[in-house]
Amino acid sequence: MSKSKPIAVVSGVAVAAVLLGVVSYTATKPTSPGASGSEAGSSAVAEVSADPSAGVYAELEAYARRDTSDKLALGRADAPVVLIEYADFKCGYCGKFARDTEPLLIEKYVENGTLRIEWRNFPIFGEESEAVARASWAAGQQGRFWEFHKAAYAEGAKEKGFGKDRLAALAKEAGVPDAARFAKDTDGAAARASVRADQEQGYALGATSTPSFLVNGRPIAGAQPLETFTEAIEAAAKAAKSAPAKAKP
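An account of the accompanying structure is given in this report. (Residues numbered from 1 in each chain as written. Predicted model: local features only at pLDDT ≥ 70, side-chain atom pairs only at ≥ 80, totals over all residues. Heavy atoms only, no water.)

1. Topic: the packing of helix α4 (residues 127–141) against helix α7 (residues 179–186)
Selection rule: Axis angles are defined between N-to-C directions and span 0 to 180 degrees, where every axis is a line fitted to C-alpha atoms and, for a helix, only to the segment in contact. Secondary structure is summarised from DSSP: a helix means a run of H or I of at least four residues, a strand means a run of E of at least two, and numbering begins at the N terminus for each. Should an angle lie under 35 degrees it is considered roughly parallel, over 145 roughly antiparallel, and from 65 to 115 roughly perpendicular; all remaining angles are considered oblique. Should the near helix be turned anticlockwise from the far one by less than a right angle, the crossing is left-handed, and should it be turned clockwise, the crossing is right-handed. By definition in these notes, contact holds between two residues if any of their heavy atoms fall within 4.5 Å. Polar here means any residue other than Ala, Val, Leu, Ile, Met, Phe, Trp, Tyr, Cys and Pro, which are nonpolar, and Asp, Glu, Lys and Arg, which are charged; Gly is therefore polar.
Two numbers describe how α4 lies on α7: the axes approach to 8 Å, and their chain directions differ by 135°. Classed by the angle they form, the pair α4 and α7 counts as oblique. Handedness of the α4/α7 crossing: right-handed. Residues Ala131, Arg134, Ala135, Trp137, Ala138, Ala139 and Gln141 of α4 form the contact with α7, whose participating residues are Arg181, Phe182, Asp185 and Thr186. Looking at side-chain class alone, the contact of α4 with α7 contains six nonpolar, two polar and three charged residues.

This is the structure:
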């Protein structure tokens with residue numbers, strides 16, 4: 001997996017950081033005296049980020065790695081549209097997206113080569129979030145990231161916690177072949193560095209809640225309705241088709 005490049009938040013990126021920061025605040029702002037966390041106030045987020053006129057920032061397209069060796073990505077590296085997801089395995093709305101929306105996007109767009117999905121670990125709920133993020137990376141090193149992702153986001157999974165024994169059980173459920181290597185990689189420096197790089201990228205964008213997304217430079221915050229993503233993906237695909245061909249680096 002390639003290293004994340006340092007990113008300066010300037011010009012259009014700075015504007016996007018403000019957008020995501022405002023939307024993320026709306027997502028985390030309590031809607032009642034007892035409400036808290038990224039799941040509170042999600043309906044308010046939908047009103048902001050579902051706006052089809054939301055900005056597209058060319059600078060943010062560079063956040064897509066398009067690395068053929070990226071084990072935490074799904075779809076063709078040369079797909080015209082890249083959806084980057086910043087998420088936490090302890091986030092309920094991330095789980096909702098993973099169960100209800102993402103499979104439909106995969107079936108409709110990834111399988112026909114239109115869309116690539118790139119995962120970014122963005123743990124914001126403490127030590128267990130950090131641990132399961134590293135574990136997902138470790139599962140990916142054995143080619144089982146998406147299977148681990150599915151197991152960790154299954155209905156009721158987060159309520160069981162993500163302690164060491166639970167992570168081992170999830171790895172087994174995901175079909176990770178080498179349990180000893182999985183445990184070693186989960187606690188290793190490479191996993192920590194990968195998660196830290198993803199976090200830094202998310203914070204540079206101004207994201208403070210999960211899930212947050214980029215679709216070819218268009219920021220989307222929250223587990224929005226399917227239509228929000230299909231509109232963004234189809235608009236990005238249309239724009240990519242009409243854009244001049246880019247020279248390969």
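2. Some thoughts on unusual backbone geometry
Glycine aside, residues mostly have negative phi angles, and peptide bonds mostly take the trans form. To keep it simple, the criterion reads: We call a residue buried when its accessible area falls under 20% of the maximum for its residue type, exposed when it is over 50%, and partly exposed in between, using a 1.4 Å probe and counting protein chains only.
The residue after threonine 210, namely proline 211, is reached through a cis peptide bond having omega -5°. Within the element layout of this structure, proline 211 appears in the loop between α8 (189–205) and β4 (212–215). One non-glycine residue, arginine 66, lies in positive phi territory at about 50°. With respect to the helices and strands, the residue arginine 66 is situated in the loop between α2 (42–49) and β1 (73–74). Taking relative accessible area as the criterion, arginine 66 reaches 32% and is therefore assigned partly exposed. Although it is not a glycine, asparagine 216 adopts a positive phi angle of roughly 45°. Summarising the element assignment, asparagine 216 is placed in the loop between β4 and β5 (218–221). Take asparagine 216: its relative accessible area is 11%, and that puts it in the buried class.

3. What to know about α4
Under the convention used in this document: Multiplying one less than the number of residues by 1.5 Å gives the expected span of a helix.
Look at α4: 21 Å from first C-alpha to last across 15 residues, which is about the 21 Å you get at 1.5 Å a residue. Within α4, 12 of the 15 residues are buried, which leaves the element mostly enclosed by the surrounding structure. The elements touched by buried residues of α4 are β3 (115–121), α5 (145–152), α6 (164–173), α7 and α8. Where α4 ends, the next residue or the one after it, glycine 143, has phi of about 75°, a positive value.

4. A short note on the environment of proline 219
Its place among the elements puts proline 219 in strand β5. By relative accessible area, which is 3% here, proline 219 ends up buried. Measuring from C-alpha to C-alpha, the distance between proline 219 and isoleucine 84 comes to 9.5 Å, with 135 residues separating the pair along the chain.

5. Focus on the pairing of β5
In plain terms, the rule: Only when DSSP finds a minimum of two bridges between them are two strands counted as paired.
In β5, alternate side chains face the same way, and those of Arg218 and Ile220 on one face and Pro219 and Ala221 on the other are all buried. Pairing of β4 with β5, which is carried by four bridges, proceeds in the antiparallel orientation. Residue pairing in the sheet places leucine 214 in a bridge with proline 219 of β5. With antiparallel pairing between neighbouring strands as the criterion, β4 and β5 make up a hairpin whose turn holds two residues, including asparagine 216 at a positive phi of roughly 45°.

6. Description of the nonpolar core
So the rule is basically this: The set of buried Ala, Val, Leu, Ile, Met, Phe, Trp, Tyr and Cys residues whose side-chain atoms join them within 4.5 Å is what this entry labels a nonpolar core.
Ranked by size, the top nonpolar core spans 43 residues in total, and within it Leu115 and Phe148 carry the most contacts. Elements with a contribution of two residues or more to this core: β2 (81–87), α3 (92–110), β3, α4, α5, α6, β4 and α9 (226–242). With sequence-adjacent residues up to four places away left out, phenylalanine 148 is seen in contact with Val132, Ala135, Ser136, Ala139, Leu167, Leu170, Ala171, Ala174 and Phe182. Counting 12 residues, the second largest nonpolar core, distinct from the first, contains Tyr57, Val82, Ile84 and Ala207.

7. Re the pattern of salt bridges
What counts here: A pairing counts as a salt bridge when a side-chain nitrogen of Lys or Arg comes within 4 Å of a carboxyl oxygen of Asp or Glu.
Counted according to the given criterion, the structure contains 12 salt bridges. In this structure, a network of salt bridges that share partners links the residues Arg116, Glu118 and Arg120.

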